[in-house]
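Close look at the chain arrangement
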Amino acid sequence: MSVKTLVQLVVVAGVATWIVTEGLMPPTPPGVDDLTTGAIGTAIPSARRTDAGPLVITQAMPDELPRNTQLNSPGTASPPPTDRRSGDVDESALRYFARQGDARRLEAEIARLRAIYPGWQPPADPLAPVDYADHELDRMWQLFSEGRYAEVRAAIADRRKKEPQWQPPDALVQLLDQTDTRIRLTNASDAKQWGAVVDIAAKTPSLLTCDYVDVLWRVAEAFANTDRPNRAEDAYAYILANCDNPQERLATIRKAVALLPEKDSDTLFTFERGDEFAAARDDQIRRRVGKIAETEEGLADPADLTRLEDLARAAADSGDPALLGWYYYRRDKPGVALDWFTDARERAPESAKAAEGYALSLNQLDRFAEAETFGYDWADATEDNLAAYLGSVVGLLSMDPPPRVSESTLERIVSVVVKARDPAAGEQLGWYAYNLKQIKTATRWFETVLRWDPEDESAAYGLAVTRLALKDRTGANVVIREWADRSERIAKLGKPGSRTELRGPNYTIDAPVYDEGGIVRTPVRRTAAPAAAPARCGGSAPVNTLTPTQALPRGWCLMDLNRPVEAAAAFEIAMRSPNAKVRSDAAYGASLANLRSGVTDKAAVAAASAPQSSKRQTELMTSVLTQQALALYAEGRYAETILALDARNQYAQEQNDLLVLRGWAYLKMRRYADARRIFQAAAGTGSPDAIRGLAEVQAAQSGLR
Amino acid sequence: MSASLLRRLAVVAACYTALPVAAQPAPTMEGTVSGAEWTAYADHFVGEDGRVVDDVNGGISHSESQGYGLLLAYSAGDRDGFDRIWTFTRNELLIRSDRLAAWKWDASAKPHVVDVNNASDGDVLIAYALGLAGESWRNQRYSEAARGLASAIGENLLTDANNRIVLRPGAEGFGRADNNGMLVVNPSYWIFEAFPMLEKLAPDHPWQQLAASGAELINAARFGPARLPTDWVAISAEGLTPAPDFPAVYGYNAIRIPLYLLRAGAKSGPLLENFEHAAASIGPAIIDIATGQPVETLTDPGYRMLDAALACAAGTPVPEDLRRFEPTTYYPSTLHLLALSYVRERQPQCL
């Protein structure tokens, strides 16, 4: 027996001990890792000490072998080997392994038989075909080697019916059992039943050898998926320390790179022989850059990028070019991104993901017409492709000045938008029609969008504006009444002096824009302000497709355009940023946006959702509570009005107008003494409201008496 | 149905069901399916790899078909066949981390397990058959597997509803949170004959209470003009109703209920009367609960044998043509053999 085989057997024993220890544990719920201590510490170091010669040889004394060989799995039904007389040593397993060319198992089987039958001598040339008389048994081995396990069992059963005294060879029985377990473990792993995978492996150490690297991979995967990366690392380390198949070794390190945290897979590179793991090192680079490319945060190591670009240029598949495309797309380098997506598409013309990246890059380059033409063919492929296409549509239609879009293009745009029921693109079609003086068409678009999403403030705004443009005052008022308490800009459409006017000789129609003071100002630009807003705010993508980092500036830009509802949506996306500063700014923005559109409870929630500086906190809470107090009073909820005012007092001093509000609240609650005290204080500053309040108190009290 | 009515019915059930739950010698059952019958069944529905094929359902297999296969192989005394079916069941279905069986296996899918959820009747059947085989053939491996599965059932599938222990149809889903506070159960998953064995295998779990709640449930779930249970029943604080989101029929699930009651030793009487009445007045059929009318008449001999078994319990001999078993399709053929096995075991005078 070669020293190497002995080494492997000893390692098998070491791992067996480790796993069996775990097998004795009760089924472990994932996440409770009480298994990383103790036994593992002793097992794996010995696994790694493959060149520690003397110790290994001592442990591998032949009389210990039966316990350790991979053929002796616990719990088999076969009778104990000592039942056999040494005269009829069954060499059929030897013959099978010899035929398979499986020298390792052959040697293990020789060792096993020697241990059971001390006087037995193996055939001089075990690899030579043995003249073997039992053709039936021969056939069983043949069936086994072909993987026809059910037929082996059937053949064994048939023979035992004919010859009740006949016993199948231990080796065959054990191999069949082992095969069953391997199949079961594989099925459990395919079904992602990680607990079952670990349980089965723990009970079957004989499977955890270089003969079944696939099983070891699955065990490692099960550990990695149950928050035990250290145990997964141990399993990979076992393979790399002991198993020699070069493809399996490389596959092992690549799996480790894919599944383990980088620091853990790094350790495994110490097992490298020569530079066999070069491909895995490239995987590490892909993983590092890929992780950065998922978000807009951070930059990749320049050396990593250089290597990845070399790989991408040489690659036959689209993975690396597409990865670089996404990396540059999310770093505001759409030109570079477009080149990489072009490469990716050359390698994989059917890849919907590469097509999506290509379309988004065109969008980011404001090449909307090209993007629309390209993206139309992909719009049906996936939801992401559809979103990219709708982004192109919104961008195209909101360009300034409005582009000429052919009738056939408009037709196909409309077909996709209607099918997708996409409010942003539907609204854009409305504004596009509005700009072409097709006001009735525009009205229908806004009505349609409101059917898709009755809560869409921008569509309601569009509808009110277009109805006013059509001199449909009644129709506009329906919208204004419904939205006045939710949208400041819609409410203001209903006030005198704010009527939309069709102006100018050409087709350009300016919708009114309001500054923060609520005063109508003439739009500076020639085109319809709401329509152009997304384009002006630095991008055409619908708000819901933005990343948190993109969403934050979009939110402020929309605030500048006084479109608080859309701004709030953008800020809410930005609030998902991993960056605390972005989150805080976004929460502040969301709070202001909600305040501006009168949604105070949302504003309060937003204000509380990320830590703010105390100045901002004071500003936000003062505004939130002021609006709440006003709203509560308007709803006749006077006691709550007082509570809101009291709460506000903790942030800012009560101004005179709010003092008067407090007085009125007391009056409504018939707390006349309190009302009188407040009105008197406020009347002292000459407030006519307070003076009127005092009179009311007087009247109410005398009326009561 | 009010809770108080439910409680009153509990008393009724306790008085009249007389279902043996424990401490009574289980019937041997071995030999109640003949070698020829079993060979004919196995030739049709059992692959050499031990897979029991539901030929009408697209040739899939499931934990129920494997469980029935084990039970019939045991009843026919075919140890090799039993071992083959068990090997397939263990390798392919007993792969869940909670040690229950995945329920659905499809030869044309990869991986073959297309739904890793369990179905509680399959688990009960497998544990029961393993327990029987382990005990009567003195096979430690079967007994050990039976104990493991019985414990897994006890740990994962028993739950409390209106102060009774009931069997959840699966470890996932069917819970109160999924159903507005209702618990949906399947009365045909109460395989009463199995509970004494489960009691022996996993004595730490309340199998007797489970059996009692099942009898009570079946007695109380008398819906519609035909006064029959639906396949799926919702339990809420108000009592029992046909489960919403399921067809309100006495369907392919529920038609097994009288057979299970008979096999567990139920006698002709209150618990069986509505099933007997339906058999006598309508015959084998899927029955719409709202109208009490058949929506599908069942002509397969296997389904007719279910009614014949009920009639036999009241003294009527089994018709000549049903005494001979000819395989047709998986489900009715299985029921045919289970019903014949019952008659031979408990009512041989009907043959």
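Computed from a predicted model, the values in this text were never measured in an experiment.

1. Looking at the overall build of chain A
Along the backbone of chain A there are 37 helices and two strands. Expressed as a percentage of the 705 residues in chain A, the buried residues total 52%. Sequence separation of at least 24 residues holds for 60% of the intrachain contacts in chain A that already meet a minimum separation of 6. With the model as given, the accessible surface of chain A reaches about 32,600 Å², and the carbon-plus-sulfur share is 53%.

2. With respect to empty space enclosed by the protein
All names here are of chain B. According to the stated counting rule, one finds eight cavities of 30 Å³ or more in the structure shown. Here the largest cavity defines a volume of roughly 130 Å³. Considering the residues around the largest cavity, the lining is formed by 15 residues, among which Tyr250, Ile255, Gly283, Pro284 and Asp307 are closest to the centre. Contributing elements (two or more residues each) for the lining of the largest cavity: α10 (273-281), β10 (285-288) and α11 (301-313). For the lining of the largest cavity, the element with the highest residue contribution is α11, accounting for four residues. Among the residues making up the lining of the largest cavity, the classes are represented as 13 nonpolar, one polar and one charged.

3. Focus on the pairing of β10(B)
All names here are of chain B. As paired strands, strand β9 (residues 249-250) and β10 are joined by two bridges and run antiparallel to one another. Bridge assignment links Tyr250 to a residue of β10, and that residue is Ile287. When β10 meets strand β11 (residues 294-297), the two strands line up antiparallel, connected through three bridges. Residue pairing across strands places Ile286 opposite Glu296, the latter belonging to β11.

4. Some remarks on the packing of aromatic side chains
Summed over all chains, the structure comprises 27 aromatic pairs over all chains. Counting every residue linked through ring pairs, the aromatic cluster contains B:Tyr74, B:Phe82, B:Trp137 and B:Tyr142.

5. Digging into helix α11 (residues 213-224) of chain A
Residues and elements named next belong to chain A. For α11, with 12 residues, the first-to-last C-alpha span of 16 Å sits near the 16 Å given by 1.5 Å per residue. Where burial is concerned, most of α11 is hidden: 10 out of the 12 residues are buried. Of the residues making up α11, those classed as buried are Val213, Val215, Leu216, Trp217, Arg218, Val219, Ala220, Ala222, Phe223 and Ala224.

6. A look at the pattern of salt bridges
Applying the stated criterion across every chain yields a total of 53 salt bridges over all chains. With a shortest N-O distance of 3.0 Å, A:Asp180 and B:Arg90 are connected by a salt bridge. With A:Asp180 in helix α9 (residues 170-190) and B:Arg90 in helix α4 (residues 79-93), this residue pair bridges two chains. Here A:Asp180 falls in the buried class, since its relative accessible area comes to 4%. Close ionic contact of A:Glu372 with A:Arg412 constitutes a salt bridge, the shortest N to O distance being 2.7 Å.

7. Focus on the confidence of the model for chain B
Residue and element names in this part refer to chain B. When pLDDT is averaged along chain B, the result is 91; 91% of the residues meet or exceed 70. The element-level mean pLDDT for chain B is lowest in helix α1 (residues 3-16), coming to 43, with helix α3 (residues 63-75) highest at 98. Low confidence marks residues 1-18, where pLDDT is under 50. Its contacts with residues over four positions away, or in another chain, come to 29 contacts. Counting interchain partners and residues more than four positions distant, the pLDDT-below-50 stretch residues 21-25 has eight contacts.

8. Quick word on the sheet that holds strand β6 (residues 183-185) of chain B
Residue and element names in this part refer to chain B. Strand order in the open sheet made by the three strands is β6-β7-β8, with antiparallel pairing throughout. Of all the strands in the sheet, just β6 and β8 (239-242) have a single pairing partner and so form its edges. Strand-to-strand twist in this sheet, taken as the mean axis angle between neighbours without regard to direction, amounts to 30 degrees. Pairing geometry for β6 and strand β7 (residues 233-236), over three bridges, is antiparallel. Bridged to Val184 within β7 is Ala234.

9. Quick look at unusual backbone geometry
Omega for the peptide link from B:Lys110 to B:Pro111 comes to -10 degrees, which places this bond in the cis form. Relative to the assigned elements, B:Pro111 resides in the loop between β2 (104-105) and β3 (113-115). If you check the backbone angles, A:Arg421 has positive phi at about 50 degrees while not being a glycine. For B:Arg227, which is not glycine, the phi dihedral falls at a positive 55 degrees. Note on placement: B:Arg227 falls in the loop between α8 (207-220) and β7.

10. Some details on the side chain of A:Asp320
Residues and elements named next belong to chain A. Tracing the backbone shows Asp320 in helix α17 (residues 319-329). Reaching out from Asp320, the side chain makes a polar contact with the side chain of Arg286 at a distance of 2.6 Å. Those residues in contact with Asp320, other than ones at most four positions away along the chain, are Arg286, Leu308, Leu311, Ala312 and Ala315.

11. Examining the pairing of β7(B)
Residues and elements named next belong to chain B. Going residue by residue along β7, you find Val233 and Ile235 tucked away on one face and Ala234 and Ser236 tucked away on the opposite face as well. Note that β7 and β8 share four bridges and pair antiparallel. Paired with Ser236 across the strands is Gly239, a residue of β8. Where β7 folds back onto β8 in an antiparallel hairpin, the turn is made up of two residues.

12. Topic: the interface of chain A and chain B
Contacts between the two partners involve 20 residues from chain A and, on the opposite side, 14 residues from chain B. Taking both sides of the interface into account, the surface hidden between chain A and chain B amounts to around 1,500 Å²; carbon and sulfur atoms contribute 51%. When the buried area of chain A at its contact with chain B is split by residue, A:Arg184, A:Asn187 and A:Gln193 rank highest and sum to 30% of it. The interface formed by chain A and chain B holds three salt bridges in total. Put simply, chain A and chain B have 11 residue pairs in polar contact (both at pLDDT 80 or more) between them. When contributions to the side of chain A that touches chain B are tallied by element, the ones reaching two or more residues are α8 (149-162), α9 and α10 (194-203) of chain A. At seven residues, α9(A) tops the list of elements feeding residues into the side of chain A that touches chain B.

Cut-offs applied
- Residues numbered from 1 in each chain as written.
- Chains lettered and ligands numbered in written order.
- Predicted model: local features only at pLDDT ≥ 70, side-chain atom pairs only at ≥ 80, totals over all residues.
- Heavy atoms only, no water.
- Helix = DSSP H or I, 4+ residues; strand = E, 2+ residues; numbered from the N terminus.
- Buried < 20%, exposed > 50% of the residue type's maximum accessible area, 1.4 Å probe, protein only.
- Contact = heavy atoms within 4.5 Å.
- Areas by Shrake-Rupley, 256 points an atom, 1.4 Å probe, with all protein chains shown as cover.
- 1 Å grid on protein atoms, 1.4 Å probe; cavity = no way out; pocket = protein on both sides within 12 Å on 5 of 7 lines; lining within 4 Å.
- Points joined across faces, edges and corners; volume = space filled by probe spheres on them.
- Nonpolar A, V, L, I, M, F, W, Y, C, P; charged D, E, K, R; others polar.
- Pairing = 2+ DSSP bridges.
- Phe/Tyr/Trp six-rings, centres within 6.5 Å; stacked < 30°, edge-to-face > 60°.
- Expected span 1.5 Å × (residues − 1).
- Salt bridge = Lys/Arg side-chain N within 4 Å of Asp/Glu carboxyl O.
- pLDDT = per-residue confidence, 0-100.
- Axes fitted to C-alpha atoms, helices over the stretch in contact; angles between N-to-C directions.
- Polar contact = N/O pair within 3.5 Å; in protein donor to acceptor, adjacent residues only side chain to side chain.
- Buried area = accessible area lost by both parts, 1.4 Å probe.

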